Amino acid sequence: MKIFSKKYDLMAFLSPFISEKSIGFVPTMGALHQGHLSLIKRSASENDLTIVSIFVNPTQFNNAEDLQKYPRTLQKDIDLIENFNPNIVIFAPEIQEMYGENVASETFNFNGLDRLMEGASRPGHFDGVGTIVKKLFEIVQPTKAYFGEKDFQQILIIETMVQQFQLPVTIVRCPIVREENGLAMSSRNQRLSATAKKKAGIIFESLQIAKHLFSEKSISEIQTEIELFFSKNPDFQLEYFTIANATTLLPVSEKLPNQTYRGFIAVYVEGVRLIDTMEF
Ligand code: AMP
C-alpha cells in the first residue's frame, strides 16, 4: 500500500496518471469511519486511482481546544483503508508540509455562503477549508473529488470555489452515513460517552420532526417546537436550527414550490459539537 507524507513524492508518483487516468480524491481529517469509507468506495468504483488525504487542518479550527482534542488515529486509519482496499493511495502530510512557516488562510469570497450557520458560528472556518482544499487539489489534480452531505454547507463552499477558480475537477456529493439510531457518523463521535452516543439519536429525530412539521406549520412554530424538544433534553444544547434554501442557504420564511429546502442543526453534547442536516 502506498503512503506519502511529502507532496513532491506524491506529485511524482501521480504525474504519469494525470491526464491519462481518472484520479478520485477524498480529503479527510482522519479518525476514519464508515462515512469516510462510503466516499472512498464510491471514488474507487468511479476512478482508476483513489487518493485519500488525512490531515487535521489547523486553519479551519477557530477553537484551540477543539483542534487539540480532535481525534488523531493515523495508524488505525491506515490499517482500516488497507483492509478495505489496498490499492488506495494515502497522503498524510505534516502541517509544515502543507503550510511551511505560514499557517494561515487565504481569504475567499464565497458570495456570503460563509457567513451563515457554520460560518457564523465558526469565524474563519470556511477560509481555512477553502485554503486546504485548494492546496490539496493543486497537489492531487483530481478528476473527481468526493464530499459528504453531512457537511452540506462545505460542499456549496467548495463548489463555489471550483467555479470561481475554474478548477478542472468535478465535485461529487455523497449521502450521509448514519449509526443505527440515526446519529450521523462523525470523527467527533469518538469523544462521546456510550450513553451520550446512544442518546444522540435525538439530533436525527429532531430533524425528522421538523421535516414532518414543515408541510403543516410556520417556520417560527417549527423553530419553537425544536427549541422545546431540546429544552426537554438538557444534556443536549442546541446551538442553531435553521431551515434554509438548499442552493442559497438563506433561511426560509415560507415554503415555495419548486424549491429544495434542508434543515440544518448544530448541538453540543458533553462539550462536543455535532452537526447534522436533512433534505426537507
Ligand atoms: P472530515 O474527516 O470530517 O473532514 O470528513 C471528510 C469527508 O467525509 C467530508 O467530505 C465529510 O462530509 C465526509 N463525511 C464525514 N462524515 C460523514 C458521514 N457520516 N457520511 C458521509 N460523509 C461523511
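This is a predicted model, so every value here is computed, not measured.

Draft legend 1. Main features of the sheet that holds strand E6 (residues 170-174). Read across the open sheet, the six strands follow the order E1-E4-E3-E2-E5-E6; overall the sheet is parallel. Strand pairing shows two members of the sheet lacking a second neighbour, strand E1 (3-4) and E6, which therefore form its edges. Where strand E5 (residues 144-148) and E6 come together, five bridges link them in parallel fashion. Each residue of the ladder has a partner; that of Gly148, found in E6, is Cys174. Along the sheet, helix H8 (residues 152-164) contacts E5 and E6; its crossing angle with E6, the most-contacted strand, is approximately 170 degrees.

Draft legend 2. Representation of the packing of helix H2 (residues 34-46) against helix H4 (residues 74-84) in the model. Where H2 contacts H4, the two axes come as close as 12 Å, and the packing angle between them is 40 degrees. As far as their axial angle goes, H4 and H2 are oblique. For the crossing formed where H2 meets H4, the hand is right-handed. In contact with Leu37, Ile40 and Lys41 of H2, H4 contributes Leu80, Ile81 and Phe84. Across the contact of H2 with H4, the residue classes tally to five nonpolar, no polar and one charged.

Draft legend 3. Structural view of unusual backbone geometry. Residues other than glycine seldom take positive phi values, yet Gln166 does so here, at roughly 50 degrees. Within the fold, Gln166 resides in the loop between H8 and E6. Gln166 gets classed as exposed once you look at its relative accessible area, which sits at 67%. With a phi close to 60 degrees, Asn258 is a non-glycine residue in the positive phi region. With a relative accessible area of 83%, Asn258 lands in the exposed category.

Draft legend 4. Layout of the site of the ligand. The local shell around the ligand holds 17 residues, among which Met29, His36, Asp151, Val177 and Met185 are the closest. Here an oxygen atom of the ligand sits 2.9 Å away from a polar atom, N or O, in the main chain of Gly148. Summarising the interface, the protein chains cover 93% of the accessible area of the ligand, which totals 480 Å² for the free molecule. At the level of secondary structure, the elements contributing two or more residues to the shell around the ligand comprise strand E2 (23-28), H2 and E5.

Draft legend 5. Seen up close, the side chain of Asn245. Looking at the element boundaries, Asn245 is found in strand E7 (residues 236-245). Polar side-chain contacts of Asn245 include one of 2.7 Å to the backbone nitrogen of Thr247. What Asn245 contacts, discounting residues up to four positions off in sequence, is Leu250, Val252, Gln259, Thr260 and Tyr261.

Draft legend 6. Representation of the pattern of salt bridges. In total, this model carries 15 salt bridges according to the counting rule given. Across the pair Lys69 and Glu65 runs a salt bridge whose closest N-O atoms are separated by 2.7 Å. Residue Lys69 and its partner Glu65 are located together in helix H3 (residues 64-69), separated by four residues, close to a single helical turn. Note that Glu106 and Lys134 form a salt bridge whose closest N and O atoms lie 3.1 Å from each other. Of this pair, Glu106 sits in the loop between helix H5 (95-99) and helix H6 (117-121) while Lys134 sits in helix H7 (residues 125-140), and the two are 28 residues apart along the sequence. Taking the relative accessible area as the measure of exposure, Lys134 reaches 13% and is therefore buried. A single salt-bridge network, built from bridges that share partners, covers Asp66, Arg122, Arg188 and Arg191.

Draft legend 7. Quick look at the nonpolar core. Counting residues in hydrophobic clusters, the biggest one holds 43 residues, and the most contacted among them are Leu10, Ile51, Phe137 and Ile171. Residues contacting Leu10, with those up to four places away along its chain left out, are Phe4, Ile51, Val89, Phe91, Ile139 and Val140. Within the second largest apolar cluster, 28 residues are counted, among which are Ala196, Leu213, Phe236 and Val267.

Draft legend 8. The arrangement of the packing of aromatic side chains in detail. Scanning the model with the defined rule gives 11 aromatic pairs in all. On the basis of an interplanar angle of 75 degrees and a centroid distance of 5.6 Å, the ring pair of Phe61 and Tyr70 is categorised as edge-to-face. The pair formed by Phe61 and Tyr70 is uniform in burial state, with each residue classed as buried. Arg122 extends its terminal NZ or CZ atom over the ring of Phe61, reaching a point 6.0 Å from the ring centre.

Draft legend 9. The environment of Val56, seen in detail. You can see Val56 is positioned in the loop between strand E3 (49-54) and H3. Each C-alpha atom of the pair Val56 and Tyr8 lies 20 Å from the other, and the pair is 48 residues apart in sequence. When neighbours within four sequence positions are excluded, Val56 is seen to be in contact with Met29, Phe61, Leu67, Tyr70 and Arg72.

Scoring rules and cut-offs
- Residues numbered from 1 in each chain as written.
- Predicted model: local features only at pLDDT ≥ 70, side-chain atom pairs only at ≥ 80, totals over all residues.
- Heavy atoms only, no water.
- Pairing = 2+ DSSP bridges.
- Helix = DSSP H or I, 4+ residues; strand = E, 2+ residues; numbered from the N terminus.
- Contact = heavy atoms within 4.5 Å.
- Axes fitted to C-alpha atoms, helices over the stretch in contact; angles between N-to-C directions.
- Parallel < 35°, antiparallel > 145°, perpendicular 65-115°, else oblique.
- Left-handed = near helix turned anticlockwise from the far one by under 90°.
- Nonpolar A, V, L, I, M, F, W, Y, C, P; charged D, E, K, R; others polar.
- Buried < 20%, exposed > 50% of the residue type's maximum accessible area, 1.4 Å probe, protein only.
- Near = heavy atom within 4 Å.
- Polar contact = N/O pair within 3.5 Å; in protein donor to acceptor, adjacent residues only side chain to side chain.
- Areas by Shrake-Rupley, 256 points an atom, 1.4 Å probe, with all protein chains shown as cover.
- Salt bridge = Lys/Arg side-chain N within 4 Å of Asp/Glu carboxyl O.
- Core = buried A, V, L, I, M, F, W, Y, C linked by side-chain atoms within 4.5 Å.
- Phe/Tyr/Trp six-rings, centres within 6.5 Å; stacked < 30°, edge-to-face > 60°.
- Lys NZ or Arg CZ within 6 Å of the ring centre and 35° of its normal.

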